[in-house]
Structure formats: C-alpha cells, structure tokens
Amino acid sequence: MTGRVAPALVIILALLAGCTGGAGPIGPDPVGTLPEAARTIMAKPEYSGARWLYRVSDPETGEVLLANRPDELVFTGSTAKEFTIGSAYATLGPDRVITTPVYALGKRTRDRLAGTLVLVASGDLALGGRGAMQGRVDQAFTATTIDHVYGDIAPTAALVKDDPLAGLDSLAQQVASSGIKRIDGDVVIDTRLWQTFDGQEGPVPPIFVNDNILDLTVTGGSSPGRPATVRMRPQTAAFTVRSAVKTAPADAAGELVVTPDPRHPERLTVSGTIGVGASQVTIHRIPDAATWARSLFIEALRRAGVTVSAPTVARNSTSGLPGRPGQPTRYPDDRKVATLTSPPLERFGTMILLTSYDTGANAVLCLLAAGRGSTHCTDGLKSIREQVDAAELDSDNVLLFDGQGADPASTTPTQMAAWMTWVRTQPWGDALVAGQPVLGESGTMALSGHDSPARGKIAAKTGTSLAVDPATGRAYAKVQSLAGYLTTNSGRTLVLALSMSGGTYPDVPTALTGAGGDVNAVAAAFQQAIP
C-alpha cells in the first residue's frame, strides 16, 4: 500500500525537496473545464493547502481532455507498482512460472538419508498458498475487508480462505514418495538467490510461507472483562502465543498489539481490547523467514511420515551448503526429490496491483535482479529503467528507489499517463490492464464508490502515503493517487493520472478513508463529465 505512517520530519524533508508542497512551477494553464463535482471536493477545508495534479488523455489520438499541473513532480505512492509489474511482464513474461526444488544431499540407504535436505528458495510469493495449488493467487479485499498483509495497521483485515501450508505439504509428500522416510541430518532453506532486501514493511527474502506472517485471530469473551482467545495460523511449534486481551463492551473498537519477548522472540503476547463476541485478525511479521520456513517444512515432513533427527525449531544456516557463500548454486539433478511450480507471474502481478502488496512488489524487483544474474535487489531497477526508456518517457522525471513506490519515489502525471498509454501497445499490456483495481468492485478500489455512477468504469492502481504530526496526531497526505484507465459512458477508454498532495486530516483513519474516497470521487467526476 505504501501507506505506512511516517514521522512528521518526513513532511519537512519532502517540503524542502519540493516534492509534496505547494512550491514549484505552476506549469501550463489547466486544460478542459473542471467538473463541478470535482471542484466541490477540491474546495473542502482539508485541501486548502493541497495540490491537485492530473492528466486525462485519449491513448489513441493523444488528445489531452483534462489537465492541471501535469508536469510537476509528486510522490507516486503505490502507483509506482505500475512500473515494477509492467517491467516484470516485459522482461520475464506474464506466463513465467517459478519452480521451487528440493534436493537430498548425502548418502541414501534404503529409506534413510544421512545428510541434508535442501529446499532452494526461488522467489515464489505463495509457495502453494493463496489458492496457488489450483493455479490461483487469491486476496481478501472486499467492500468491507482488506488483505491480511495489513493486519497490523487495520482492524478489518481478513484471511485468504486457503491452506498456507499446502505447498510445503506437497513438497513433503513428494519427499516421502521418493523413498525417504528418515533424515539423519538437517533440513535447510537455501536463500542465496538474492540478498534479503530491506523493504518498508520489513525484510524481503526469496522464501515466503503465508507471506511470512503469523496470523492471529482474536475473539472476544462472552462478557466485558472476560479474557479473549487467540488462534494462530498456521499452527506451528515455532511460536507460542499468550493472550492478554481483555473483552470490552460489544460496541468497543478493537485495539490489538503483538509483542515478542525481548529474550525469546518466539514467545508472543497479544494485548489490548476487543468487543464481546467480536473477532479480529492481527498479525506478527516474521523477522527470519528462512528459519520460519525451515520449521514449517520439518513439520510438514513429519506429517508426511518422514522422521527428521534435527530439531524443529533451530536457526536456518546455509554455511554448510555447496557453492560460494552468498551466491546461488546449481545442484545435481539426480539429487532432486521434489518440486513445486507456481502459477504464472501474471497471477502474482494482479494480486500485487489489487492489494498494493509492498513486500510482493519488492520481491518482483528482486526477481528482476535475479534475472540479470544479480543477488542485489536494487539491480532490478535497471530492468525497470530499460522499460522506461523503451517507452520513451522523460527518464529524469521518473524517480524510483524500490519496487513498491516508497517515498521519495516521484513522477509527473504526464509521465505516468505516458507509461499507461505505452503499456497498452505492448504484447504483455493486456495482463497489466486487466490487473487494475476497479472502482467499487475489486482490490483497493473496492473500498469506495459502491453507489457511484462510475462504479466499474474506473480501473486504476491506488497510491497512498501519509505522515503524522506526533504532537497533535494530525495526518498529512503526502500523496493519494490513481494511475490507470477510465471508460466514459459512451464507451471511450481514456488514460488517467491523478494525484492529491498536501491534504490534512484530524487523524490517520480519517485520512485513509477521506483521501482515498475523495480522490476516487474526483476521478468519478471526470468519468461522468467526459463524453
């Protein structure tokens, strides 16, 4: 989502940089007549110091129908994911699949392996979860819920209805079917495909199980003051969870905090309050994904009837693996005992666009780097830059620093519109266009516009970046943006790039709903006004 709350200092730095404040060149005169409905929204008190930047154009003729300050830089927020996912489709292909292999290294005697079982992390974001065993990559955004990856910042998070351990169970069953029933040695996750990237949400490794998240569903007691219960998913010995959550009156808002023990980080305490009989999902982000995956894989092996002598809970180490430290290596094919193949990249790209999944977008950046033979994820930016140049954009006005669009990633409405126009002409363009969230219907755009006459007629990636004044709690919208397409009532498809920068709100919840709803409503006003 790229909407994590940042300190107020970020606002000051951004203003000094000229990216989010009102300073800077005004540019050409506005193009077209601003619809009255849009003008009314822009005149709200919360936007008295804000900039509204936009460009609406015809991709077939190049005609600009509406524009205001289209050549000024503004933070992208998560609309930068259009560059990341589009570049991945162009470079790797929307049909690209990822295969995760398992190798048995050491001496095999009958049904015994004396050695090491190695799962080679290959960058599969689902590893069989999210419906991937059936070729899907599901997500949980609806009109009232958001995906569990936001469970630490929003009380409406929901779980994807699928077994997050399905892929590991499949691999474990294949290991058993290969004849291995006992492993006298260790189980290791080889994560050398790329060096773990430090993303805004946390680490981005090449191994993912349940998005490297422990889901914690908290259920209130039968009356105020009663203890609440906590259920974790997936069930694993890697963590223990204690509930210190108290049940509040039924109409109380849930406030949940997950705290690891400083000395024993695998011991978690969930504290806070929740209403009588209410249920809410919160999450714990896994700091060491390889160790997490190792424990879960050993548990899957045991479910498949494979005995493992190594302890379930122990730190993963690649130091004893063949090859150079920190560099991926090739394993002998005759040692391969299991494989798991992912759905096509397009399924992941669509999920990332729909949910604005920051860690997923950064993982795609890492896949681009790996495709270049690099273990440094930022080298994936070179692949994105190659596509920006191929689209003949003004490269100096497209500033990217990761895959997700974290600040200070910036561009102009003109450049964003040019990118969205160009992708329609590419062989992979249909995949990117089809993956956009749709107003009132899907992904992050499902949260508003349900009663709008423009519902279903705006397909665009959202972008959000907020900062909070720590003294007052007031929220500042560094950017709320849209990049994508609108379809007029006459059936004409137009390219849309729209950003609001500088809105202020009494608190973060008001900012999240107010900024997103208002920017979507301005886009809807554009859609209704253009014949």
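A. The arrangement of the overall build of the protein chain in detail. Summing up its helical and strand segments, the protein chain has eleven helices and 25 strands in all. Principal-axis analysis of the C-alpha atoms places the extent of the protein chain at approximately 80 × 60 × 40 Å. For the protein chain, the residues scored as buried account for 56% of the 531 residues in total. Of all intrachain contacts in the protein chain linking residues separated by at least 6 positions in sequence, the fraction that spans at least 24 positions is 71%. For the protein chain, the computed accessible surface area is about 20,700 Å², with 53% contributed by carbon and sulfur atoms. Distance between charge centroids for the protein chain: 9 Å, based on 45 positive and 49 negative side chains.

B. The state of the cysteines, seen in detail. In total, this model carries one disulfide according to the counting rule given. A sulfur-sulfur separation of 2.0 Å characterises the disulfide bridge that pairs cysteine 366 with cysteine 377. Between cysteine 366 and cysteine 377 the disulfide shows an S-S torsion of about 110 degrees. By sign, it is right-handed. Pair noted here: cysteine 366 is in helix α7 (residues 358-371) and cysteine 377 is in the loop between α7 and α8 (380-390), with a separation of eleven residues, a long-range link. Summarising the burial analysis for this pair, cysteine 366 and cysteine 377 share the class buried.

C. Looking closely at the side chain of asparagine 212. Tracing the chain through its elements places asparagine 212 in the loop between β11 (203-204) and β12 (213-219). Here asparagine 212 falls in the buried class, since its relative accessible area comes to 7%. Here the side chain of asparagine 212 touches isoleucine 207 through a polar contact of 2.9 Å, landing on its backbone oxygen. In contact with asparagine 212, not counting residues within four places along its chain, are Pro205, Ile207, His284, Arg285, Ile286, Ala289 and Trp292.

D. Spatial organisation of the sheet that holds strand β16 (residues 267-275). Here three strands make up an open sheet; going across it, the order is β14-β16-β15 and the pairing mixed. Where the open sheet ends on each side, the last strands, each with one partner, are β14 (240-248) and β15 (255-260). Each strand of the sheet is rotated relative to its neighbour by a mean of 10 degrees, with strand direction disregarded. As judged from the nine bridges shared by β14 and β16, these two strands associate in the parallel manner. Pairing of valine 241 across the sheet is with leucine 268, part of β16.

E. Looking closely at the pairing of strand β24 (residues 493-501). Buried residues dominate β24, accounting for eight of its nine residues. Sheet analysis places strand β2 (residues 51-57) next to β24, joined by seven bridges and oriented antiparallel. Residue pairing in the sheet places leucine 53 in a bridge with serine 499 of β24. Linking strand β23 (residues 475-487) back to β24 in an antiparallel pair, the connection comprises five residues, with glycine 491 at a positive phi of about 95 degrees.

F. Seen up close, the packing of aromatic side chains. Inspection of every chain in the model, using the stated rule, returns nine aromatic pairs. Between tyrosine 47 and tyrosine 505, the aromatic rings sit 6.2 Å apart at their centres with planes inclined by 75 degrees, giving edge-to-face as the arrangement. Taken as a pair, tyrosine 47 in the loop between α2 (36-42) and β2 and tyrosine 505 in strand β25 (residues 503-505) lie far apart in primary sequence, 458 residues in all. Residue tyrosine 47 shares its accessibility class with tyrosine 505, and that shared class is buried. Arranged with centres 6.2 Å apart and planes meeting at 75 degrees, the rings of phenylalanine 141 and tyrosine 150 form a pair that is edge-to-face. Note on accessibility: phenylalanine 141 and tyrosine 150 belong to one class, buried.

G. Spotlight on the confidence of the model for the protein chain. Taken over all residues, the pLDDT of the protein chain has a mean of 94, while the share at 70 or more is 95%. Here residues 3-25 is a poorly scored stretch, pLDDT under 50, and it has 45 contacts once near neighbours within four places are set aside; other chains count.

H. Structural detail: helix α9 (residues 413-423). Burial analysis of α9 places nine of its eleven residues in the buried class, the great majority of the element. All buried positions along α9 are accounted for by Pro413, Thr414, Gln415, Met416, Ala417, Trp419, Met420, Trp422 and Val423.

I. Highlighting the side chain of serine 501. Examined against the element boundaries, serine 501 turns out to sit in strand β24. Engagement of the side chain of serine 501 in a polar contact is seen with the backbone oxygen of lysine 478, the distance being 2.8 Å.

J. Main features of the packing of helix α3 (residues 81-91) against α9. Axis separation between α3 and α9 bottoms out at 11 Å; the angle between their running directions is 30 degrees. Taken together, α3 and α9 sit at an angle that is classed as roughly parallel. Here the hand of the crossing between α3 and α9 comes out left-handed. Side by side, α3 and α9 meet where Glu82, Phe83, Gly86 and Ser87 of the first sit next to Met416, Trp419 and Met420 of the second.

K. View of the sheet that holds β12. Judged by pairing direction, the sheet is antiparallel, and its three strands sit side by side in the order β13-β12-β17 without closing on themselves. Here the strands that pair on one side only, and so sit at the sheet edges, are β13 (229-233) and β17 (279-285). Across the sheet, the mean angle separating the axes of adjacent strands is 25 degrees when strand polarity is ignored. Pairing between β12 and β17: seven bridges, direction antiparallel. The residue of β17 that forms the bridge with valine 218 is glutamine 280.

L. Quick peek at unusual backbone geometry. Residue arginine 233 is joined to proline 234 through a cis peptide bond whose omega torsion reads -5 degrees. With respect to the helices and strands, the residue proline 234 is situated in the loop between β13 and β14. Phi is positive for arginine 130, close to 55 degrees, though the residue is something other than glycine. Within the element layout of this structure, arginine 130 appears in the loop between β6 (112-120) and β7 (146-147). Since its relative accessible area comes to 7%, arginine 130 is described here as buried. In the Ramachandran plot, aspartate 211 falls in the positive-phi region, its phi being about 60 degrees despite a non-glycine side chain.

Rules used in this analysis
- Residues numbered from 1 in each chain as written.
- Predicted model: local features only at pLDDT ≥ 70, side-chain atom pairs only at ≥ 80, totals over all residues.
- Heavy atoms only, no water.
- Helix = DSSP H or I, 4+ residues; strand = E, 2+ residues; numbered from the N terminus.
- Buried < 20%, exposed > 50% of the residue type's maximum accessible area, 1.4 Å probe, protein only.
- Contact = heavy atoms within 4.5 Å.
- Areas by Shrake-Rupley, 256 points an atom, 1.4 Å probe, with all protein chains shown as cover.
- Lys, Arg positive; Asp, Glu negative; His and termini not counted.
- Charge placed at Lys NZ, Arg CZ, Asp CG, Glu CD.
- Disulfide = S-S within 2.5 Å.
- Polar contact = N/O pair within 3.5 Å; in protein donor to acceptor, adjacent residues only side chain to side chain.
- Pairing = 2+ DSSP bridges.
- Axes fitted to C-alpha atoms, helices over the stretch in contact; angles between N-to-C directions.
- Phe/Tyr/Trp six-rings, centres within 6.5 Å; stacked < 30°, edge-to-face > 60°.
- pLDDT = per-residue confidence, 0-100.
- Parallel < 35°, antiparallel > 145°, perpendicular 65-115°, else oblique.
- Left-handed = near helix turned anticlockwise from the far one by under 90°.

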